[in-house]
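Secondary and tertiary structure notes
As a plain string of letters, each chain reads:
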Amino acid sequence: MTEIQQAGTDREQGADEASEKMAPVDSSGGTATGEQTGPRSGRDWRAVWWFGRPSDRTALLIWFFWEVACYIYLVLAAPGRTEDPILDRFNRYDSYNFEDIAKYGYDGRPEDQDSPRLVAFFPGLPLLLRVLHLVIPDLRLALVLVSFVASAVVAVALSRLSESYREGSGHWTVLAFFCSPFAVFLLAGYTEALFLALAIPAWLLARQGRWETAAVCAAFASSIRISGLFLALGLVVQFLVSRDGLRTTGGWRKAPWLLLPGVPVLAYMIYLWHRTGDLMAWKAAEAQYWGRYPEAPWNVFINTWHRSFDEPALTTSYREEILSAIVLVVLIIARLIRRNWADFAYLAPQAVALLAMSSFYMSVGRASLLWWPLYISVGVVGSRRPWAFMAYIAVAAPVMAINVGNFTTGAWVG
């Protein structure tokens, strides 16, 4: 029994009967499967689930005040740099592609000569926008609202996931995450927030031994971006090494569920084959329009380094990409040394995709939002050594603020 489990058991033994009926079970403590103890009505259970955990409330407070801070900085950064409406400041670059797919499908706008690029974007988010368009006429607003709600879900899920590793680390992890240098993409009309709102609960559910529900969450995540397959691989490895996975009695019966995340990807590839004759048309579009094709990792680094000098307007952005790539490599090595095979299986394919499948580093910094093992590590260390956490915040928070200002005024940040 771990220290957290023992602490959870001690608390349960010391609680009186009334508190046993109303208090939520700490899924990071006494039970690994999320089982509930004592009778509870559906209404009481929902109230406890949403409002009964102090760590959840703290996570939501961090998320809320982070949103407020970002909006303040967005307003302060605008004078002299942009007069765009607020919604346009959050919806730039890829956001236009999601809106076009939601409106016109993968044919794009009639006047768009480069509409073949749209197949590079998976259909999950555009389909959701199409549904929301029935009640929200402005797709820009719909995109912002999706990120707004999804990032709140991420805050709670990430807090619970961190607590499952070390009790008391949840709020540290959430704060570290929302101070990430690239956290602006949790505000923007991009896929990161929605993907994480599905992927992190999937990881947490897997840690609780709830493989079927985890697979369903991962399947929805796979419909949003190819990173869902990396998530699925991590879940498979977690299933193989976890005591609540394959090694449980009848555990092999749950194994087929882990194929579910591949279904949306396969379905999209079949659609592309019928449309273009190429199962991998999404990858071909990335190569044609974004320069994402296989390249030796050292050449990718050299190309990015040279671009940081040749394109002065993007010098800072390219160097942030380089630093993000270094962080990813260090993180993977650390997970390998600690023999954390599930995290390694999730992170290593991302390194291949980001550092060896593109002619230069592109969106590596933005992808860092998907590396929740990094933020959990920062949170756990912060809960033990607050000074180390303050050092992280001293570096990350100013960069985050600058990137909020840059992105919302039209500058490219990743």
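Just so you know, these numbers come straight off a predicted model, no measurement behind them.

1. Points about the overall build of the protein chain
Of regular secondary structure, the protein chain possesses 20 helices and zero strands. Within the protein chain, counting contacts between residues at least 6 apart in sequence, those at least 24 apart form 72% of the total. Split by element, the accessible area of the protein chain, about 19,500 Å² in all, is 66% carbon and sulfur.

2. Some details on helix 20 (residues 386–408)
For helix 20, which comprises 23 residues, the first-to-last C-alpha distance of 32 Å matches the rise-based estimate of 33 Å (1.5 Å per residue) to within 8%. Approximately 25° is the largest bend angle found in helix 20, and it occurs at Ile-393. Considered for burial, the residues of helix 20 that qualify are Phe-389, Ile-393, Ala-396, Met-400, Asn-403, Val-404, Gly-405, Phe-407 and Thr-408. On its buried face, helix 20 is in contact with helix 4 (54–77), helix 5 (86–90), helix 9 (170–178), helix 16 (315–337) and helix 19 (372–384).

3. A closer look at the nonpolar core
Core analysis: the biggest nonpolar cluster contains 100 residues, and Leu-196, Leu-231 and Trp-372 have the highest contact counts within it. In this structure Leu-231 touches Ala-199, Ala-202, Trp-203, Ala-218, Ala-221, Tyr-346 and Trp-372, once residues within four positions along its chain are discounted. Membership of the second largest hydrophobic core comes to six residues, among which are Trp-172, Ala-176, Phe-389 and Ile-393.

4. Focus on the environment of Arg-89
Inspection of the secondary structure assignment puts Arg-89 in helix 5. Take Arg-89: its relative accessible area is 10%, and that puts it in the buried class. In this structure the C-alpha to C-alpha distance between Arg-89 and Leu-74, which are 15 residues apart in sequence, comes to 8.5 Å. What Arg-89 contacts, discounting residues up to four positions off in sequence, is Leu-74, Val-75, Ala-78, Thr-82, Asp-84, Phe-407 and Thr-408.

5. A look at the pattern of salt bridges
As enumerated under the stated definition, the model contains 15 salt bridges in all. A salt bridge links Arg-140 to Asp-88, with the shortest nitrogen-to-oxygen separation between them at 2.7 Å. One end of the pair, Arg-140, is in helix 8 (residues 139–165); the other, Asp-88, is in helix 5, with 52 residues separating them in the sequence. Put simply, Arg-109 and Asp-100 hold a salt bridge, and the shortest N to O gap is 3.1 Å.

6. Let's talk about the packing of helix 10 (residues 192–207) against helix 11 (residues 211–222)
Where helix 10 meets helix 11, the closest approach of the two axes is 8 Å, and the angle between their N-to-C directions is 160°. Overall, the two elements helix 10 and helix 11 adopt an arrangement that is roughly antiparallel. Classified by chirality, the crossing of helix 11 by helix 10 is left-handed. Residue-level contacts link Phe-195, Leu-198, Ala-199, Ala-202, Leu-205 and Ala-206 of helix 10 to Trp-211, Thr-213, Ala-214, Cys-217, Ala-218, Phe-220 and Ala-221 of helix 11. Residues of the contact of helix 10 with helix 11, tallied by class, amount to 12 nonpolar, one polar and no charged.

7. Structural notes on helix 4
With 24 residues, helix 4 extends 34 Å from end C-alpha to end C-alpha; this agrees with the ideal 34 Å at 1.5 Å per step. Of all the residues in helix 4, the buried ones are Asp-56, Ala-59, Ile-62, Trp-63, Trp-66, Glu-67, Cys-70, Leu-74 and Ala-77.

8. Comments concerning the side chain of Thr-409
Structurally, the position occupied by Thr-409 is in the segment after helix 20. Residue classification places Thr-409 among the buried positions, given a relative accessible area of 13%. Among the polar contacts listed, one links the side chain of Thr-409 to the side chain of Arg-81, at a separation of 3.1 Å. Setting aside chain neighbours within four positions, we find Thr-409 in contact with Ala-77, Ala-78, Arg-81, Thr-82 and Arg-92.

Cut-offs used in this document
Residues numbered from 1 in each chain as written. Predicted model: local features only at pLDDT ≥ 70, side-chain atom pairs only at ≥ 80, totals over all residues. Heavy atoms only, no water. Helix = DSSP H or I, 4+ residues; strand = E, 2+ residues; numbered from the N terminus. Contact = heavy atoms within 4.5 Å. Areas by Shrake-Rupley, 256 points an atom, 1.4 Å probe, with all protein chains shown as cover. Expected span 1.5 Å × (residues − 1). Bend = angle between axes of the 7 residues up to and from the residue. Buried < 20%, exposed > 50% of the residue type's maximum accessible area, 1.4 Å probe, protein only. Core = buried A, V, L, I, M, F, W, Y, C linked by side-chain atoms within 4.5 Å. Salt bridge = Lys/Arg side-chain N within 4 Å of Asp/Glu carboxyl O. Axes fitted to C-alpha atoms, helices over the stretch in contact; angles between N-to-C directions. Parallel < 35°, antiparallel > 145°, perpendicular 65-115°, else oblique. Left-handed = near helix turned anticlockwise from the far one by under 90°. Nonpolar A, V, L, I, M, F, W, Y, C, P; charged D, E, K, R; others polar. Polar contact = N/O pair within 3.5 Å; in protein donor to acceptor, adjacent residues only side chain to side chain.

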